[in-house]
Amino acid sequence: MNLFKSGNPTLSEKIFTNSLSTTQEELMTVRGTINKFGFLFLMTMSSAAYTWHAYYQGQNVQGYMMAGIFGGLALALIIAFKRSWSAYLAPLYALVKGLFIGAISAMINEAFIESYPGIIMQAVGLTFGTAIAMFLLYNFGVIKATERFKSIIFTATAGIAIFYLIALVLRMFNIDIPFLHEGSALGIGFSLFVIAIAALNLIIDFDMIEQGAAMGAPKHMEWYCAFGLLVTIIWLYIEILRLLSKLASRD
């Protein structure tokens, strides 16, 4: 049975089998990966706090947003192909992505400060709550990362990515897909579906980290897997924030 068909494109069987240690170097551990994820998460939050503060100081944060979007994408692609560079590039990715998160969070908070005060804290709380719930469901075996489960989540994740890419191209020609941004029943339903897929990707990520450590992957894979988990957490937060924005726009 294939245990390595991850919905997260940064984690897959090929990555681990190609990275198995053949020397006496230190090996990847679950604890080491979680510690590194915690470090990356703190860096992301620090960067986000800086951009948030800059926005409320009257600075134009559009540049930070662009750096977060395109810089984050470029770094993610490099890390995907140069996994041994993760220890150096993953912290940079966390800092750059934090710029985007802080900017978009500040903008949404400002837009709904009267109609939906506390929208950002609610999004953060729901993200943490969902992540903890997924970990508990995985840890107690309620949801198991079976081959079929991974195949379904991988297919759904790829479909969402392609759909978002198409929407981005259409937007370049001033063509919007309404339910992506509006609080219609279809729009809310779509957001709930995407959030569910993002959350279920966490199950696969937890399993991949555990399996990577069990296979004896080299130490630098701790940084790579921590980066992969951060990617999913950021995606989950953005989608939850998108859903709350749609709900707020209906009031």
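Residues numbered from 1 in each chain as written. Predicted model: local features only at pLDDT ≥ 70, side-chain atom pairs only at ≥ 80, totals over all residues. Heavy atoms only, no water.

1. Some remarks on the overall build of the protein
Rule in force here: Runs of E in the DSSP output that reach at least two residues are strands. Runs of H or I that reach at least four are helices, and both are numbered from the N terminus. Here's how the labels work: a residue is buried when its accessible area is under 20% of the maximum for its type, exposed when over 50%, partly exposed in between, all with a 1.4 Å probe on protein chains only. Residue contacts follow a heavy-atom distance rule, with two residues in contact if any of their heavy atoms lie within 4.5 Å.
Along the backbone of the protein there are 8 helices and 0 strands. When the helices and strands of the protein are placed in sequence order, the string is α-α-α-α-α-α-α-α. Classification of the 251 residues of the protein by burial places 47% in the buried group. Pairs at least 24 residues apart make up 85% of the contacts formed inside the protein by residues separated by at least 6 positions.

2. Considering the side chain of Thr-232
Note the cut-off: Residues adjacent in sequence count toward polar contacts only when both atoms are side-chain atoms; beyond that, a polar contact is any pair of N or O atoms within 3.5 Å, and within protein one must be able to donate a hydrogen and the other to accept it.
With respect to the helices, strands and loops of the structure, Thr-232 is situated in helix H8 (residues 220–250). Among the polar contacts listed, one links the side chain of Thr-232 to the side chain of Asp-205, at a separation of 2.6 Å.

3. Details of the packing of aromatic side chains
Describing an aromatic ring pair means giving the distance of the ring centres and the angle of the ring planes. So the rule is basically this: Here a pair means two rings of Phe, Tyr or Trp (six-membered ring of Trp) with centres within 6.5 Å. Their orientation is stacked below 30 degrees between planes, edge-to-face above 60, and tilted elsewhere.
All told, the structure shown has 13 aromatic pairs when counted by the stated rule. Summarising the aromatic geometry, the rings of Phe-39 and Trp-223 are spaced 6.0 Å apart at their centres and angled 85° between planes, so their arrangement reads as edge-to-face. On the criterion of sequence distance, the pair formed by Phe-39 in helix H2 (residues 30–56) and Trp-223 in helix H8 is long-range, its members being 184 residues apart. By relative accessible area, Trp-223 is classed as buried at 17%.

4. Structural notes on the nonpolar core
How we decide: Here, nonpolar core means buried Ala, Val, Leu, Ile, Met, Phe, Trp, Tyr and Cys residues that are tied together by side-chain atoms lying within 4.5 Å of each other.
Counting residues in each nonpolar core, the largest one holds 72 residues, and the members touching the most others are Tyr-93, Ile-119, Leu-202 and Leu-230. With 19 residues, the single largest contributor to this core is H8. Apart from residues lying up to four places away in sequence, Ile-119 is in contact with Ile-108, Asn-109, Phe-112, Leu-241, Leu-244 and Ser-245.

5. With respect to helix H5 (residues 119–139)
This is how it is decided: By definition here, a helix of n residues has an expected span of 1.5 Å times n minus one. An arc is given here, and it is the one of the directions from the helix axis to the C-beta atoms.
The terminal C-alpha atoms of H5, which comprises 21 residues, lie 30 Å apart, in line with the 30 Å expected from a rise of 1.5 Å per residue. When we look at burial in H5, the residues that qualify are Ile-119, Ile-120, Ala-123, Thr-127, Ala-131, Met-134 and Tyr-138. Considered in projection along H5, the buried side chains sweep an arc of 110° and stay on one side of the axis. Structural note: H5 exposes Met-121 and Ile-132 on the side pointing more than 90 degrees away from its buried face. Check the buried side of H5 and you find it contacts H2, helix H4 (86–111), helix H7 (185–215) and H8. At the C-terminal side of H5, Gly-141 shows a positive phi close to 75°.

6. With respect to the confidence of the model for the protein
Detailed reading of predicted coordinates is not advised where the pLDDT is low. Definition in use: The quantity known as pLDDT measures the predictor's confidence residue by residue, on a range of 0 to 100.
Here the protein shows a mean pLDDT of 89. Residues at 70 or above account for 90%. Contacts for the low-pLDDT stretch residues 1–7, under 50 throughout, to residues beyond four places or in other chains number 28 contacts.

7. Focus: the pattern of salt bridges
A pair can form between side chains of opposite charge whenever their charged atoms are brought close. Convention followed: Salt-bridge detection follows one rule: a side-chain nitrogen of Lys or Arg within 4 Å of a carboxyl oxygen of Asp or Glu.
Summed over the entire model, instances satisfying the criterion amount to 5 salt bridges. Asp-176 serves as the salt-bridge partner of Arg-171, at 3.4 Å between the closest nitrogen and oxygen. One salt-bridge network, held together by shared partners, links Lys-36, Lys-219 and Glu-222.

8. Comments concerning the packing of H4 against H8
Here is the rule we go by: For helices, the fitted line uses only the C-alpha atoms of the stretch in contact; every axis is such a line through C-alpha atoms, and the angle between N-to-C directions lies from 0 to 180 degrees. Orientation labels follow simple angle bins: below 35 degrees gives roughly parallel, above 145 gives roughly antiparallel, 65 to 115 gives roughly perpendicular, and whatever is left gives oblique. Here the term charged refers only to Asp, Glu, Lys and Arg, the term nonpolar to Ala, Val, Leu, Ile, Met, Phe, Trp, Tyr, Cys and Pro, and the term polar to all other amino acids, Gly among them.
Between H4 and H8, the least distance of the axes is 10 Å, while the angle of their chain directions is 10°. Put simply, H4 runs roughly parallel to H8. Contact with H4, carried on its side by Ser-86, Ala-87, Ala-90, Pro-91, Tyr-93, Ala-94, Lys-97, Phe-100, Ile-101, Ile-104, Ser-105 and Ile-108, involves His-220, Trp-223, Tyr-224, Phe-227, Leu-230, Val-231, Ile-234, Tyr-237, Ile-238, Leu-241 and Ser-245 of H8 and no other residues of that element. Per-class residue counts for the contact of H4 with H8 are 18 nonpolar, 4 polar and 1 charged.

9. What to know about the environment of Thr-29
In this fold, Thr-29 is placed in the loop between helix H1 (13–19) and H2. Setting aside residues up to four positions removed in sequence, Thr-29 forms contacts with Ala-213, Lys-219 and Glu-222.

10. Structural notes on the environment of Ile-78
Topologically, Ile-78 is positioned in helix H3 (residues 62–81). A residue is classified by how much of its surface remains accessible, and Ile-78, at 36% relative accessible area, is partly exposed. Along the primary structure Ile-78 and Leu-89 are separated by 11 residues, whereas in three dimensions their C-alpha atoms are 8.4 Å apart. Discounting residues that sit within four places of it in the chain, Ile-78 has contacts with Trp-85 and Leu-89.

11. Re the environment of Leu-136
Secondary-structure assignment places Leu-136 in helix H5. Residue class for Leu-136 comes out partly exposed when judged on its relative accessible area of 39%. Taking the C-alpha atoms as reference points, Leu-136 and Ile-203, separated by 67 residues in sequence, lie 9.6 Å from one another.

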